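What follows is the residue order along each chain.
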Amino acid sequence: MRKLSEFIGKPLFTRAGECAGTVKNALLAKNLKTVRAFEYFDDQEDEHTLPVGSVISAEDALMVRSLAEKGYKDAVSAPFGITVYSETGETLGNVCDFLLEENEVKALLLTGEREVPAERIASVQDALIADLSSPLPLRPKRNAPPKTKRAPAQRAAERAEALRPKAGSTLLTGKRVPENICDARGN
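All residue numbers here refer to positions counted from 1 along the written sequence of the relevant chain. For a predicted model such as this one, the threshold for reporting local features is a pLDDT of at least 70, and the threshold for listing and counting side-chain atom pairs is 80 or more; totals across whole chains, interfaces and linings nevertheless cover every residue. With hydrogens and water excluded, all non-hydrogen atoms of the structure serve as input to the side-chain values.

**Q** Would you mind showing me how to read the layout of surface pockets here?
**A** Computed over the protein atoms alone on a 1 Å grid, cavities are sets of points where a 1.4 Å probe fits but cannot get out and pockets are open sets with protein on both sides within 12 Å along at least five of seven lines; a residue lines them when it has an atom within 4 Å of a point. Grid points are joined across faces, edges and corners, and a volume is the space filled by probe spheres set on the points. A volume near 300 Å³ is recorded for the second largest pocket. Taken together, 13 residues line the second largest pocket, and the ones lying closest to its centre are Phe7, Val52, Val55, Glu102 and Asn103. Top contributing element to the lining of the second largest pocket by residue count: strand 6 (residues 55-58), with four residues. Its residues assigned to classes, the lining of the second largest pocket shows eight nonpolar, two polar and three charged. Working definition: helices are DSSP H or I runs of at least four residues, strands are E runs of at least two. Numbering for both runs from the N terminus. The nonpolar class holds Ala, Val, Leu, Ile, Met, Phe, Trp, Tyr, Cys and Pro. Asp, Glu, Lys and Arg form the charged class, and all remaining residues, Gly among them, are polar.

Encoded structure:
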């Protein structure tokens, strides 16, 4: 399985070796269960879409068959950072990433090391609602590191690293803005 954020920021190359641009986001089906296309921008900063079927391989760069574009009226930009609630209104976290198998979304990775299976997505609009009422429980993130005793300094460094923003953890990932964005402290 791969994470969707692994594709963001990668260059696109044709089979002829021409650099077509850089991936900025993905377009998902409205139910968030499949990846339909990748959004990318070229050297002139024009935005384009590339169907997933055009991608030949994706390692350090995406290799594509052709740059033929297609309109996607039934697709939405990957909602990184959207808040996820249970059907009872409990906040489960924000979407950090998507676990993919081929172009199918298998699970959503949330803040707090939580994972929600894609089949649990009940609705998506301004927020995402996960239906947790059926027997399948909310699973912890799969490859969680085993608990080991660590020195206090090591634990503090790990906590600081965990608090750093991850790729795809905000709604601005892959977006262009006209000026720098800073928090209240100037960061």
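Let us keep going from here.
**Q** When you look at the pattern of salt bridges in this model, what are you seeing that I'm missing?
**A** Any two side chains of opposite charge can pair if their charged atoms end up close together. Just to be clear on terms, a salt bridge is a Lys or Arg side-chain nitrogen sitting within 4 Å of an Asp or Glu carboxyl oxygen. The full count for this structure, using the stated rule, is four salt bridges. We note a salt bridge from Glu47 to Lys24, for which the minimum N-O separation is 3.2 Å. Placement of the pair is Glu47 in strand 5 (residues 47-51) and Lys24 in strand 3 (residues 19-29), with a sequence separation of 23 residues. Asp74 serves as the salt-bridge partner of Arg36, at 2.9 Å between the closest nitrogen and oxygen. Placement of the pair is Arg36 in strand 4 (residues 35-41) and Asp74 in the loop between strand 7 (62-64) and strand 8 (75-77), with a sequence separation of 38 residues. Exposure remark for Arg36: the relative accessible area of 25% places this residue in the partly exposed category. The buried label applies to any residue whose accessible area, calculated with a 1.4 Å probe on protein chains only, is under 20% of its type's maximum; exposed applies above 50%, and partly exposed to all values in between.

**Q** Before we go on, may I ask you to explain the side chain of Thr49 in this structure?
**A** Among the structural elements, Thr49 can be located in strand 5. Judged by its relative accessible area of 15%, Thr49 is buried. What makes two residues a contact is simply this: any of their non-hydrogen atoms within 4.5 Å. Beyond its immediate chain neighbours, meaning those up to four positions away, Thr49 contacts Leu27, Phe38, Glu39, Tyr40, Ala68, Glu69, Lys70 and Tyr72.

**Q** Even after reading the chapter, I still don't get the packing of aromatic side chains, so can you show me in this structure?
**A** Here is the rule: rings of Phe, Tyr and Trp (six-membered ring for Trp) pair when centre to centre is within 6.5 Å. Planes less than 30 degrees apart are stacked, more than 60 are edge-to-face, and the remainder are tilted. The tally for this structure, following the rule as stated, stands at two aromatic pairs. With centroids separated by 5.3 Å and ring planes inclined at 40°, the aromatic side chains of Phe7 and Phe38 adopt a geometry described as tilted. With Phe7 in the loop between strand 1 (2-3) and strand 2 (11-14) and Phe38 in strand 4, the pair connects residues that are 31 residues apart, well separated along the chain. Residue Phe38 is classed as buried on the basis of its relative accessible area of 5%.

**Q** Would you take a moment to explain the confidence of the model for the protein chain for this structure?
**A** The predicted structure's coordinates, where accompanied by low pLDDT, should not be read in detail. You can read pLDDT as the predictor saying how much it trusts each residue, on a scale of 0 to 100. Mean pLDDT for the protein chain: 80, with 82% of residues reaching 70 or above. Predicted confidence in the protein chain is weakest over strand 15 (residues 139-140), with a mean pLDDT of 54, and strongest over strand 11 (residues 104-110), with 92.

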